[in-house]
Amino acid sequence: MSPSISRDGVRTALQLPSAGSNRRGRGAIAACLGLAAVVASGWLLGAQELGALQQADPLTRVDDVRTFFGLSPRGVIWIVVQLHLLFAAFVVGVPWFTVAVEIIGWRKGDERYDRLAREFTRLFAATFAITAGLGGLFTFTLFGLYPKFSNYFFGIFGPILYVYGAIFLIETAVLYLYYQAWDRLQRRKGLHVSLGVSLVIVGTGIVFIGSSMSSFMMSPAGIDETGAFVGTAWDAFTNPLLIPIVVHRLLGNLTFGGFVVGAYAAVRFLTSRTDEDRAHYDWMGYVGNFVGLMGLIPLPFAGYYLGREVYGVSPVMGNNMMGGDFSWAFIIQAMLVGLLFILGNYYLWSGMRRIPGAERYQKYIKYYIVVLVGCVAVWLTPRNLPLSPAEELAIGGQVHPLLGVLGLMSTKNAVINLIILTTFLSFLLYRRANKADLVPFRDHGLGTRSLVPLAGVLCLAILGWYATRLLALDPAALDLTPEKVFYFRFTAGLLFVAMAGVVTAVGLTLRGRGHLAQGMYFTVAVVEAVAVLGVFGFIVTTAANPFLRQLAAAQWLILMSALILISAIDLALFRNARSIGGIRWGDIAARSQYALIALCVIIIMTMGMMAYVRSGLREDWHIYGVMRDTSRWAFTPSIAVMTRMVGGITIAFLAAISFLFWLANLGGHRERVE
Amino acid sequence: MDGPRAVGDPGRAAPPSAGSEPRVFLWTLVTLLAFYLALRFGLPRAGVWMGVSEVPAPIPVFALWIYMLCATVGALVWASSDDRRWRLFLGAPVRLLVGGPHVDRRVRTGVLVAVPLLAGWAVWQRVMPSTDVPTVVRLQHPTQPEEYAPLENPVRALSDDAREAAEREGLVLYQTNCRPCHGTTGGGDGPLARGLRLQPIDFADAGTIASVIESYPFWRIRTGHAALPDIATPWNSAMPSWETELSDDEIWRIILAEYALSGTEPRVPERLDR
């Protein structure tokens, strides 16, 4: 420990103003100035992007839409609601893993987990007020700028809004109780954990209600042929896109929360002065990245499910999404999500430096990189490559004969499955990095030995359930002719093959051949979910495309069965294995921390961009097919406008949350002093 | 997810990995160059070998850029995921720029001259006035006009016999009106196709008529290239408007025939999972 740090420590203990106080003061001024600059730039951005809108629009009645001091109402709503959504994602997403960390600490009796969970809580508690404030600002601006729409919309959702308000009050009470009663309930941890679980449940309720409003605007329910609302608030709430959007948002919130706290930990790591702090924040960053990747792994499938449901609501909306106006946004999304996977893996590989024995696995990393980067390259290949006239002539068309196939959905589904499996392999390498001298499987206790058969039964249940469901599926239910049942049977057959693979893998593990079992089932998953069903997807696209939804589900279930079974085998294999050495937390290169910060920035941009897509799919409709936006701002903003707006919102969010975290740490500093 | 148990010295270097080479930077450059050459010259020939094109189709500049960008990211990730390798990787360019015991002065001077010249050349290429038609970012399936979206093919509602008769009639109409460009089987290889600047699409390709609902080709046939928005590059299409030549009913029959000819099915509006 350096002398200067010691002096600070003494000053802190004596509650004397430390040398850091002045720095913190300057930091506060800098943070305030930065925030003000960002807000001002956001204001100017809105003004510039969405037009010089000083003149009144003769076609728009003042009681329909109003401007915001001359600024575009749509731009103002865009900025406010997006900032609200980003903060809300953080407040709702972080409690999920905070409670999990607290439970682990409680059950293990390990105070470090408790400290970590408490630090997470301090962060989301600090952002709760601004989330609520932005929510209120959003409501006021919506009523002020879009009075006609607001009256109609809130007239429909009236009773739901009362529930929303009540749940929000409960959320406020539970959140602050959970935060403030941390010390008081140390001896009654069960009660405190139950408060945390309540917080998660209430937060999920808020996600449901908030999402129901945006999903209603895309897929209105309770509407008659004339477009009049004849249903109840419950009908509006349970609109067709509610569940797909909620599933996608919950996973997205988890990913978002993980990566944001990861970036917070990275900044704290880089500015740490003691080994203890470095170790703590290194661990915190690892947890953030772990949570982020755990949420990210099922997200592509949740997105696919949402996309199929959007097609179900309206083929036109679906076409605009994947082949039309927003198709280029999805190419940018592929790039961003690809970067999330690459950087998440990169952080894991960089972290292997702190694990004794990890050098044994370094040689595999280059193969992972080739697969991962190759898959990302395929994923972001558009169907219509931008071509110069000379290239068009040389190719003889607008679709490249060789690369065009990479732009189709079946290819995308295949490569994302491979990306997920590769990321999973990285985790396996990380887990076993410091393990040696495995205990023979037969020498394990009953609990460990039964883990693998139990996982096998779970996989068999999942795969068997879906296979039998496919066999019982009537082609007429998908508007297909009877001979198309072949496609159902073929896919079900592959699921049965996977089930045979599960049984074999469990048998091999029980006979002490766990590594072989892992390799065998991993191969089965890659061959079936990536290669066979990837190619089969092209055939289904041309011959029985309504079945694509079931095909993708089969791919995903095979993938999930691989994650479950191989994880269970790994847990059993390495149980009580000799450790080459403990993880040297804090011993990690600084560049890996910049990867954590980049992950945070990228997830914010991704969420901002996908919100633009979801909202933009309605084109010039407030409520799709029911209430049209007749104002002059009812155009679809271009990709260029989107990138500037989302970029500005990302900077504003980062500045605001940095300021809030800084404030939270002032409180944390005081807590430590006390 | 073990908690922090041990704290190490952050300045401590990791043990050198077994596969590290002193010429990491050079080999990375060589690998990237080899990858570029494979993309530029190998892949088009692979396309011919695989039978997807008759002549080598060049890889567009945009694709080269994104693939080389991915390869560079991969190379940087590989180089920086190990401390020793990263130091070796950075060592070569740093020595070239600031000098070192084993760096020839002429080589260093050459690098210091070449880097700004290359940067200047790149800037010049970017801002130089050009008469070339710019590269176009194109949409595959632009937004279908609202009035077309809800339309359904009335011929599909007919009895089996009537539908088969309609399909036969559609085939005759297709061969008469569409075959010259779109080809006998809808492969985009009709006798007039070679006379067009860009070849018509292949209907059997999974990304064309199979990926849209039937009202989409109805709109496209009826209104032709003139109704396409700019984002779909109407100037790249020779598709005429058929609304003055064919009745709506005839167009629907032709659509039925096109799907039958290409062995594909139109996209069916999906049912919601509720």
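So, how was this worked out
Residues numbered from 1 in each chain as written. Chains lettered and ligands numbered in written order. Predicted model: local features only at pLDDT ≥ 70, side-chain atom pairs only at ≥ 80, totals over all residues. Helix = DSSP H or I, 4+ residues; strand = E, 2+ residues; numbered from the N terminus. Buried ≥ 20, exposed ≤ 12 C-beta atoms within 10 Å, placed from the backbone. Contact = placed C-beta atoms within 7 Å. Nonpolar A, V, L, I, M, F, W, Y, C, P; charged D, E, K, R; others polar. Domains from an automatic or database assignment. Core = buried A, V, L, I, M, F, W, Y, C linked by C-beta atoms within 7 Å. pLDDT = per-residue confidence, 0-100. Axes fitted to C-alpha atoms, helices over the stretch in contact; angles between N-to-C directions. Left-handed = near helix turned anticlockwise from the far one by under 90°. Parallel < 35°, antiparallel > 145°, perpendicular 65-115°, else oblique.

Next up on the list: the overall build of chain A. When helices and strands are tallied, chain A shows 21 helices and 5 strands. Taken across its 674 residues, chain A has 49% of its residues classed as buried. In chain A, the share of contacts with a sequence separation of at least 24, taken over all contacts with a separation of at least 6, comes to 80%.

Counting residues at the interface gives 84 residues for chain A and 69 residues for chain B. Partitioning the side of chain A that touches chain B into residue classes produces 40 nonpolar, 23 polar and 21 charged.

Let us now look at the domain arrangement of chain A. Along its sequence, chain A is organised into domain 1 (28-326 + 586-673) and domain 2 (456-576). Taking only C-alpha atoms into account, the centre of domain 1 of chain A sits 35 Å from that of domain 2 of chain A.

Attention shifts here to the nonpolar core. In terms of nonpolar packing, the biggest core is built from 206 residues, with Ile342 and Leu565 of chain A touching the most fellow members. Of all the elements, helix 3 (residues 73-108) of chain A adds the most residues to this core, at 19 residues. If you look at the next biggest cluster of nonpolar residues, it comprises 22 residues, including Val155, Tyr174, Val212 and Tyr259 of chain B.

On to the confidence of the model for chain B. When pLDDT is averaged along chain B, the result is 86; 90% of the residues meet or exceed 70. Note on residues 5-21 of chain B: pLDDT under 50 across the span, and 40 contacts to partners over four residues away in sequence or across chains.

Glancing now at the packing of helix 8 (residues 242-270) of chain A against helix 20 (residues 590-616) of chain A. Residues and elements named next belong to chain A. Running from amino to carboxyl end, helix 8 crosses helix 20 at an angle of 145°, the nearest separation of the two axes being 8 Å. As helix 8 packs across helix 20, the resulting crossing turns out to be left-handed. Contact residues: helix 8 offers Gly252, Thr255, Phe256, Phe259, Val260, Gly262, Ala263, Ala265, Ala266, Phe269 and Leu270, while helix 20 offers Ala590, Gln593, Leu596, Ile597, Leu599, Cys600, Ile603 and Met607. Class assignment for the residues of the contact of helix 8 with helix 20 results in 15 nonpolar, 4 polar and no charged.

With that settled, the discussion passes to unusual backbone geometry. Residues and elements named next belong to chain A. Phi at asparagine 576 is positive, roughly 60°, even though this residue is not glycine. Along the chain, the position of asparagine 576 falls in the loop between helix 19 (548-573) and strand 2 (578-579). Given 13 C-beta atoms within 10 Å, asparagine 576 falls into the partly exposed group. The backbone of glutamate 619 sits at a positive phi, close to 55°, despite the residue not being glycine. With respect to the helices and strands, the residue glutamate 619 is situated in the loop between helix 20 and strand 4 (621-623). Overall, the presence of 17 C-beta atoms within 10 Å leaves glutamate 619 in the partly exposed class.

It is worth spelling out the packing of helix 1 (residues 24-49) of chain B against helix 2 (residues 61-80) of chain B at this point. For any two helices packed against each other, the geometry is given by the interaxial angle and the distance between the axes. All names here are of chain B. Contact pair helix 1 / helix 2: the axes reach a minimum separation of 11 Å and the direction vectors enclose 155°. Taken together, the axes of helix 1 and helix 2 are roughly antiparallel relative to one another. Judged by the twist between their axes, the crossing of helix 1 over helix 2 is right-handed. On helix 2, the residues that touch Val24, Thr28, Thr31, Leu32, Phe35, Tyr36, Leu39 and Arg40 of helix 1 are Leu64, Tyr67, Met68, Ala71, Thr72, Ala75 and Ala79. Here the residues of the contact of helix 1 with helix 2 sort into 11 nonpolar, 3 polar and 1 charged.

This part covers the domain arrangement of chain B. Frequently, the measure chosen for interface size is the accessible area that the parts lose on association. Taken as a whole, chain B is organised into domain 1 (24-119) and domain 2 (154-262). For domain 1 of chain B and domain 2 of chain B, the distance between their C-alpha centroids amounts to 46 Å.

Below, the discussion takes up helix 7 (residues 215-223) of chain B. Residue and element names in this part refer to chain B. Buried within helix 7 we find Ser215, Tyr216, Pro217, Phe218, Arg220 and Ile221. Contacts from the buried residues of helix 7 go to helix 8 (248-262). Just beyond helix 7, the residue with positive phi is glycine 224, at close to 65°.

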